[in-house]
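Observations on the three-dimensional arrangement
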2 protein chains.
Amino acid sequence: MLRQTATRLTRPCTQLRLLIRANAFSTSPACFANRAVVYTETGNPADVLRVQSYDPLPPPPSDSVTIRFHLSPINPSDINLVQGVYPVKPAQLELSGQQVFVGGNEGVAEVVDVGTAVQGLRKGDRVVVGKPQFGTWSSHRVIQAQDVIKLPSSGLSDVNAATIIVNPPTAYNMLHSFVELKEGDWVLQNGANSAVGQAVIQIAARKGLKTINFVRKRPDLDNLIASLTELGATHVFTYDALADKSLAKHVKQWTSDRPIRLMLNCVSGKDTTAMTRLLGDNAHLVSYGAMSKQPLSLPTSTFIFKNLTAHGYWQNRWYNEHSRQEREELMRTITDLKLKEPEHEILDLSSETSDEAATQRLRETFVRMEQGFGKKVLLRL
Amino acid sequence: MLRQTATRLTRPCTQLRLLIRANAFSTSPACFANRAVVYTETGNPADVLRVQSYDPLPPPPSDSVTIRFHLSPINPSDINLVQGVYPVKPAQLELSGQQVFVGGNEGVAEVVDVGTAVQGLRKGDRVVVGKPQFGTWSSHRVIQAQDVIKLPSSGLSDVNAATIIVNPPTAYNMLHSFVELKEGDWVLQNGANSAVGQAVIQIAARKGLKTINFVRKRPDLDNLIASLTELGATHVFTYDALADKSLAKHVKQWTSDRPIRLMLNCVSGKDTTAMTRLLGDNAHLVSYGAMSKQPLSLPTSTFIFKNLTAHGYWQNRWYNEHSRQEREELMRTITDLKLKEPEHEILDLSSETSDEAATQRLRETFVRMEQGFGKKVLLRL
């Protein structure tokens, strides 16, 4: 099926010259046009992003493979990077003599060509990229074999594979790296409907952990609560519940006074401060985002007398600090968890015959995403 | 000399009945009157504290000793406890049929009587109390032998001994428990003129660590900077310096770009937030106080992208979690550091012939302390 899609993507050559990191890309006489979502200056994605075709690629160097992306999600951090508010460098290419940035940090790809010295990878292998900010919003790319992670051949849908590298490992590692939790222990989290939040609920449930989850108020709240409960959430509340003094009493009852020792935060601001009152002594508060754009503000007494420890968690850092073997092990672990596919829609730009039309549809999607509460969007170029 | 002071404190009996924790205190025909600084409701120390005499003590139970306090400091946390804003319980006594609280968390005492089954302690031994909130603003007390820590017999002045149990171990443990620091590493701290701050400067200097210290603006700033520098401070600034953008550049030069990995905080609020900008990746921010009465507020990105970890530190917790042997080992370590005596004055109430006169002098001292920037006051009852 992957190969059928590949055939569908074949397009006539263009005359664009494209160079990426030490000539991995260059012009080539072969006729197989590619596309990437690029930008030249940071700003509102709906204004600055565009779809750009580029020439087919030459065969990969001996230590590299050529991969073709099938699905690449648009994550909140990808948007922050385009906006210029995320402290990492995007992938940079030279396109028609102009420096451009390519968006995208994750996606599922297929190996379509293999360098002569590469071992352990074959045409048709399904892979993800273990190197942050590779620019996955592109069709074909050359990459050093050491920077791809081969996925297990079965047990994982393409949508799950495309979204496996950032959010599920963030959830998994946050649940395992800071506090040793035992069956029956409780975890508190906000932004529970985020991709990470949903993974947290599922992984926690598989481990026999209980979760107290907070989400924003919204029109379809009952449906959301039902769907998170189905994933395994023990309790789901909106932030309004934090104003109710009886909540702490209820929490004590549910937990039979077992202190809550782990809280996961992607919101910050005053609701997050209020949530920490539900934590027990020696708890750890792990932050992986700040959707409120507010700081994390805690009474110093909480640190001192509750012996709270506050950490940040960034999956990028984990990849930088771990070997390819450890990364593949983590992917196997995540695959075995059989997480539910995130609610998603696929933005298939492969049928657009011009870059302009593809750009137009892409920008419309970003305008819609700005309005919030949407499903995760996965790009097909 | 200690014994001479003891003789001086002897006073006629009163008819007060005093009971503390399961009859450790009771009436007794022996004539040796004692005094304590007590209160019956929380509030402003200058309003609610009073000096109260109580009857001599009977011989200690077999597992206990009678100790006589020589000097007991008035620490900021003692004041917070009297104010009712510190989350621990003060020592509680029954005095003339009325429940009272006794202030004081540390002080140096002499063993004056030894229970028949006690080993390892003799009359004349110099000890401190290893049990938080014992109520050290008192003259004679009975205490279980396991709750006292014997001090090394030499190498420590009475003033150093009276102030050894809270602040120097806080400084020592914060410098050793969170980050493994090597000679030449840098430490950042605020409230550098606090008792802990001064101990940090000295211990850091002994370890070959460099310190960047922040203090409040004050009239005698030059003298303060000179005295902290003499203790071993590498740099001393007021918080105003944080507004100067060139500070970060200077810090980079001084440290030769070596990332600062430890910051000690007893202030919180916005100056503390500003200080974290000087920290390097993977830094730890340890809070042991909040003199600004503001929360600790940090951009979530600092946690995530700098991989900052924020902790609280509370020496009380350390004592609760460590054995008497470990406590004595820590006291030996602190003694060996030969820290300078804190700037102090002694409030000697032993010469006051009435509780009323003693109370009057005590309250005047608290009024003066409220005005700030004073020396540490040590009580002699």
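Residues numbered from 1 in each chain as written. Chains lettered and ligands numbered in written order. Predicted model: local features only at pLDDT ≥ 70, side-chain atom pairs only at ≥ 80, totals over all residues. Heavy atoms only, no water.

Points about the packing of aromatic side chains
All names here are of chain A. Quick reminder of the rule: Here a Phe, Tyr or Trp ring, Trp counted by its six-membered ring, pairs with any other such ring whose centre lies within 6.5 Å, and the pair is stacked when the planes are under 30 degrees apart, edge-to-face when over 60, and tilted otherwise. The rule for a charge over a ring is simple: NZ of Lys or CZ of Arg within 6 Å of the ring centre, and within 35 degrees of the ring normal.
One pass over the structure, following the stated rule, counts 22 aromatic pairs over all chains. Within the aromatic cluster, the residues linked to one another by ring pairs are Phe214, Phe237, Tyr239 and Trp254. Positioned above the aromatic ring of Phe134, the side-chain terminus of Arg141 is 4.1 Å from the ring centre.

Re the interface of chain B and chain A
Selection rule: Note on contacts: a residue pair is in contact if any heavy atoms of the two residues lie within 4.5 Å. The quantity reported as buried area is the accessible area (1.4 Å probe) lost by two parts once they are put together, taken as the sum for both. A pairing counts as a salt bridge when a side-chain nitrogen of Lys or Arg comes within 4 Å of a carboxyl oxygen of Asp or Glu. Nitrogen and oxygen atoms within 3.5 Å of one another constitute a polar contact, given that in protein one can donate a hydrogen and the other can accept it, and given that sequence-neighbouring residues count only through two side-chain atoms. Working definition: helices are DSSP H or I runs of at least four residues, strands are E runs of at least two. Numbering for both runs from the N terminus. Under this grouping Gly is polar, as are all residues other than the nonpolar Ala, Val, Leu, Ile, Met, Phe, Trp, Tyr, Cys and Pro and the charged Asp, Glu, Lys and Arg. Pairing between strands is defined by DSSP: at least two bridges between the two strands are required.
Taken together, the contact pairs 29 residues of chain B with 29 residues of chain A. Taking both partners together, chain B and chain A bury about 2,100 Å²; carbon and sulfur atoms supply 59% of that area. Interface area lost by chain B to chain A is led by Ile304(B), Phe305(B) and Arg317(B), which between them contribute 28%. Linking chain B with chain A are zero salt bridges, by the criterion used here. One can count nine residue pairs in polar contact (both at pLDDT 80 or more) joining chain B with chain A. The set of elements that each furnish at least two residues to the side of chain B that touches chain A consists of β16 (296–298), α10 (300–305) and β17 (309–312) of chain B. A breakdown of the residues in the side of chain B that touches chain A according to their chemical character gives 15 nonpolar, eleven polar and three charged. Here strand β16 (residues 296–298) of chain A pairs with β16(B) via three bridges, running antiparallel. Considered in β16(B), the bridge of Leu296(A) is made with Leu298(B).

A word on helix α5 (residues 167–177) of chain B
Selection criterion: Each residue gets one of three labels from its accessible area relative to the maximum for its type: buried under 20%, exposed over 50%, partly exposed in between, using a 1.4 Å probe on protein chains only.
Within α5(B), nine of the eleven residues are buried, leaving the element largely enclosed by the surrounding structure. Within the span of α5(B), buried status applies to Asn167(B), Pro168(B), Pro169(B), Thr170(B), Ala171(B), Tyr172(B), Asn173(B), Met174(B) and Leu175(B).

Some remarks on the domain arrangement of chain A
Residues and elements named next belong to chain A. Applicable threshold: Segmentation into domains, and thus their bounds, comes from an automatic or database assignment.
Split by domain assignment, chain A resolves into domain 1 (2–163 + 342–380) and domain 2 (173–316). Between domain 1 and domain 2, the C-alpha centre-to-centre distance is 34 Å. Contact between domain 1 and domain 2 buries roughly 590 Å² in total, counting both sides, with carbon and sulfur atoms accounting for 62%. At the boundary of domain 1 with domain 2, the tally comes to zero salt bridges. Taken together, the links from domain 1 to domain 2 amount to one residue pair in polar contact (both at pLDDT 80 or more). Partitioned by chemical class, the residues of the side of domain 1 that touches domain 2 number four nonpolar, two polar and one charged.

Some words on the environment of Pro45(B)
All names here are of chain B. Inspection of the secondary structure puts Pro45 in helix α2 (residues 45–48). On the accessibility criterion, Pro45 (3% relative accessible area) is buried. Separated by 37 residues in sequence, Pro45 and Val82 place their C-alpha atoms 6.2 Å apart.

What to know about empty space enclosed by the protein
Here is the rule: For cavity detection a 1 Å grid was placed over the protein atoms alone, and a set of points counts as a cavity when a 1.4 Å probe fits there but cannot get out; an open set counts as a pocket when protein lies on both sides within 12 Å along at least five of seven lines, with lining residues being those that have an atom within 4 Å of a point. Grid points are joined across faces, edges and corners, and a volume is the space filled by probe spheres set on the points.
Across all of its chains, the model carries four cavities of 30 Å³ or more by this definition. As a volume, the largest cavity reaches approximately 190 Å³. What lines the largest cavity is a set of 17 residues, among which Asn160(A), Pro168(A), Leu339(A), Lys340(A) and Pro342(A) lie closest to the centre. For the lining of the largest cavity, the element with the most residues is helix α6 (residues 195–206) of chain A, which contributes four residues. Estimated volume of the second largest cavity: approximately 50 Å³. Asn105(B), Val129(B), Gly130(B), Lys131(B), Pro132(B), Ile165(B), Val166(B), Asn316(B) and Tyr319(B) together form the lining of the second largest cavity. Here the residues of the lining of the second largest cavity are counted per class, giving five nonpolar, three polar and one charged.

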